[in-house]
Amino acid sequence: MNLAVIGTGYVGLVTGVGFAETGNSVICADVDSSKIDRLKQNKIPIYEPGLEPMVERNQTEGRLSFTTDVGSAVEATDIVFIAVGTPQD
């Protein structure tokens, strides 16, 4: 299945990597270009045991990618998960 996860914070990143780990093709998108650049280099901005090797493995095997182009990520996938902050108001 081709999936997009919008937002690469704790929820979005862990969700996207989990989907890739189970064999899905996942594009994780975020508007923060510096975060996306670091993720492409397997530099994880959060602590979650075992996450870093899963990111590296799934990028290497072509199941996981990162982009700042949210529109393209949405157009290229079958299902979109939105994992962005929700204002309290």
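Below: a short report on this structure.

Moving on, we come to the overall build of the protein. For the protein, the helix and strand inventory stands at four helices and four strands. Each helix (α) and strand (β) of the protein, taken in turn from the N terminus, gives the series β-α-β-α-α-β-α-β. In terms of overall dimensions, the protein has C-alpha extents of about 40 × 30 × 20 Å along its principal axes. Counting the 89 residues in the protein, one finds 31% classified as buried. Across the protein, contacts joining residues at least 24 apart in sequence account for 67% of those joining residues at least 6 apart. Carbon and sulfur atoms make up 52% of the accessible area of the protein, which amounts to about 5100 Å² in all. The averaged location of the 12 negative side-chain charges in the protein is 6 Å from the averaged location of its 6 positive side-chain charges.

In this section: helix α2 (residues 33-40). When we look at burial in α2, the residues that qualify are Lys 35, Ile 36 and Leu 39. Taken down its axis, α2 places every buried residue within 100° of arc, on the same side. Buried residues in α2 make contact with α1 (10-21), β2 (25-29), α3 (51-60) and β3 (64-67). Asn 42, located one to two residues past α2, shows a positive phi value of around 65°.

Definitions and limits used
- Per chain, residue numbering runs from 1 following the sequence as it is written.
- This being a predicted model, a pLDDT of at least 70 is required before a residue's local features are given, and a value of 80 or more before pairs of side-chain atoms are given or counted; all residues contribute to the totals for chains, interfaces and linings.
- With hydrogens and water stripped out, all remaining heavy atoms of the structure feed into the side-chain values.
- In DSSP terms, a helix is any run of H or I states spanning at least four residues, a strand is any run of E spanning at least two, and both are numbered starting from the N terminus.
- Relative accessibility under 20% of the residue-type maximum defines a buried residue, over 50% an exposed one, and the middle range a partly exposed one, all with a 1.4 Å probe and only protein chains included.
- The contact criterion used throughout is that any non-hydrogen atoms of two residues lie within 4.5 Å.
- Throughout, the Shrake-Rupley method with a 1.4 Å probe supplies accessible areas, and for residues the shown protein chains are the sole cover considered.
- For this count, His and the chain ends are skipped, Lys and Arg are scored as positive, and Asp and Glu as negative.
- Charge positions come from single atoms, namely NZ of Lys, CZ of Arg, CG of Asp or CD of Glu.
- Working definition: the arc comes from the directions between the helix axis and the C-beta atoms, pointing outward to the latter.

This is a description of form; function is not addressed.
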